[in-house]
Amino acid sequence: GAGVSQSPSNKVTEKGKDVELRCDPISGHTALYWYRQSLGQGLEFLIYFQGNSAPDKSGLPSDRFSAERTGGSVSTLTIQRTQQEDSAVYLCASSFSGQGHEQYFGPGTRLTVT
Amino acid sequence: SQKIEQNSEALNIQEGKTATLTCNYTNYSPAYLQWYRQDPGRGPVFLLLIRENEKEKRKERLKVTFDTTLKQSLFHITASQPADSATYLCALPTGTYKYIFGTGTRLKVLA
């Protein structure tokens, strides 16, 4: 079956521009995560969605970052006024319920801010 | 604060040998632990989950141990193959659904 998909796969943007990253989770998965992975670093938790509950935004590094999940499916991560330190791979993962279940990751979006 | 440590140095081993990777954690008592594999340019792929009441878990050539006293998990790949070359990440839940991931250990199996 289809896995988690993310688009675009690569994004180069100028400092100060806004970007939108998209994630299509596995159908039926109620939990959705966004992570950021910088070179040589571990995965940094950004935000978590579970069903219709309010998302856990505790990992968002600044108010320039926001995310939404429409209809309990597709999610969009938006970064406003991008900075060079935002350059990283942004990974999306979905899970059956989030509790004790494995996460299925997408291929990631490589963001480069010039 | 909770912390995970994996050997950041790459591990090079000869084909056919057993690779052993370590995941240590502090300030924490997780109910379970997960291991993932990540290939360059790809997202991590789930391999195994081991619970605190399980000392050992196996899946084909993979074996994971979980020592809650030492606060350590060991990940073994027996009869290693060049195709096993990848970065291996451990992940622990920090709450109901949130996880922290280690930085990963890069394994290279030499033919």
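Residues numbered from 1 in each chain as written. Chains lettered and ligands numbered in written order. Predicted model: local features only at pLDDT ≥ 70, side-chain atom pairs only at ≥ 80, totals over all residues. Heavy atoms only, no water.

Caption draft 1: Seen up close, the packing of aromatic side chains. Summed over all chains, the structure comprises 16 aromatic pairs over all chains. Aromatic pair Tyr 35 of chain A and Phe 101 of chain B: ring centres 5.4 Å apart, planes at 85°, arrangement edge-to-face. Taken together, the residues span two chains, with Tyr 35 of chain A in strand S4 (residues 31–37) and Phe 101 of chain B in strand S10 (residues 99–101). Accessibility expressed as a relative area gives 8% for Phe 101 of chain B, which makes it buried. Look at Trp 35 of chain B and Phe 75 of chain B: their rings are 4.9 Å apart centre to centre, the planes differ by 25°, and that puts the pair in the stacked class. Placement of the pair is Trp 35 of chain B in strand S4 (residues 32–38) and Phe 75 of chain B in strand S8 (residues 72–77), with a sequence separation of 40 residues. An identical accessibility class is assigned to Trp 35 of chain B and Phe 75 of chain B; each is buried. Feature note: the residues Tyr 33, Tyr 35, Phe 45, Tyr 48 and Phe 105 of chain A together with Tyr 32, Tyr 36, Phe 46, Tyr 97, Tyr 99 and Phe 101 of chain B constitute an aromatic cluster, connected by ring pairs. Lying over the aromatic face of Tyr 32 of chain B, Arg 51 of chain B brings its terminal NZ or CZ to 5.8 Å of the ring centre. (Phe/Tyr/Trp six-rings, centres within 6.5 Å; stacked < 30°, edge-to-face > 60°. Helix = DSSP H or I, 4+ residues; strand = E, 2+ residues; numbered from the N terminus. Buried < 20%, exposed > 50% of the residue type's maximum accessible area, 1.4 Å probe, protein only. Lys NZ or Arg CZ within 6 Å of the ring centre and 35° of its normal.)

Caption draft 2: Summary view of the side chain of Thr 76 of chain A. Residue and element names in this part refer to chain A. Here Thr 76 shows up in strand S7 (residues 75–79). Note on Thr 76: relative accessible area 18%, which makes it buried. Leaving out residues up to four positions away in the same chain, Thr 76 has contacts with Glu 20, Leu 21, Trp 34, Ser 66, Ala 67 and Glu 68. (Contact = heavy atoms within 4.5 Å.)

Caption draft 3: Highlighting the pairing of strand S9 (residues 86–93) of chain B. Residue and element names in this part refer to chain B. Taking burial as the measure, the eight residues of S9 include eight buried ones, the bulk of the element. Of the strand pairs in this sheet, S4 and S9 are connected by five bridges, and their pairing is antiparallel. Looking at the pairing, Tyr 36 lines up with Leu 89 of S9. Looking at chain direction, S9 and strand S11 (residues 105–110) are connected through three bridges and run antiparallel. (Pairing = 2+ DSSP bridges.)

Caption draft 4: Up close: the sheet that holds S8 of chain B. All names here are of chain B. The sheet built from five strands is open, its strands ordered S1-S3-S8-S7-S6 with antiparallel pairing. Unpaired on one side and paired on the other, strand S1 (3–6) and strand S6 (56–59) mark the two borders of the sheet. For this sheet the average axis-to-axis angle between neighbouring strands, irrespective of direction, equals 15°. Inspection of the sheet shows S6 paired to strand S7 (residues 62–67) by four bridges, in the antiparallel sense. For Arg 58, the partnering residue across the bridge sits in S7 and is Lys 63. (Axes fitted to C-alpha atoms, helices over the stretch in contact; angles between N-to-C directions.)

Caption draft 5: Region of the structure containing the interface of chain A and chain B. Each partner contributes to the interface: chain A provides 21 residues, whereas chain B provides 19 residues. Taking both partners together, chain A and chain B bury about 1,500 Å²; carbon and sulfur atoms supply 55% of that area. A salt bridge links Lys 98 of chain B to Asp 56 of chain A; the nearest nitrogen and oxygen atoms lie 3.3 Å apart. Here chain A and chain B share seven residue pairs in polar contact (both at pLDDT 80 or more) between them. Among the secondary structure elements, those contributing two or more residues to the side of chain A that touches chain B are S4 and strand S5 (43–50) of chain A. Class assignment for the residues of the side of chain A that touches chain B results in eight nonpolar, eleven polar and two charged. (Buried area = accessible area lost by both parts, 1.4 Å probe. Salt bridge = Lys/Arg side-chain N within 4 Å of Asp/Glu carboxyl O. Polar contact = N/O pair within 3.5 Å; in protein donor to acceptor, adjacent residues only side chain to side chain. Nonpolar A, V, L, I, M, F, W, Y, C, P; charged D, E, K, R; others polar.)

Caption draft 6: Layout of the pairing of S7 of chain A. All names here are of chain A. In terms of burial, S7 is a largely internal element, five of the five residues being buried. In S7, alternate side chains face the same way, and those of Ser 75, Leu 77 and Ile 79 on one face and Thr 76 and Thr 78 on the other are all buried. One ladder, built from five bridges, connects strand S6 (residues 65–69) with S7; its direction is antiparallel. If you follow Glu 68 over to S7, its bridge partner there is Thr 76. Joining the antiparallel neighbours S6 and S7 is a turn of five residues, in which Gly 71 adopts a positive phi near 60°.

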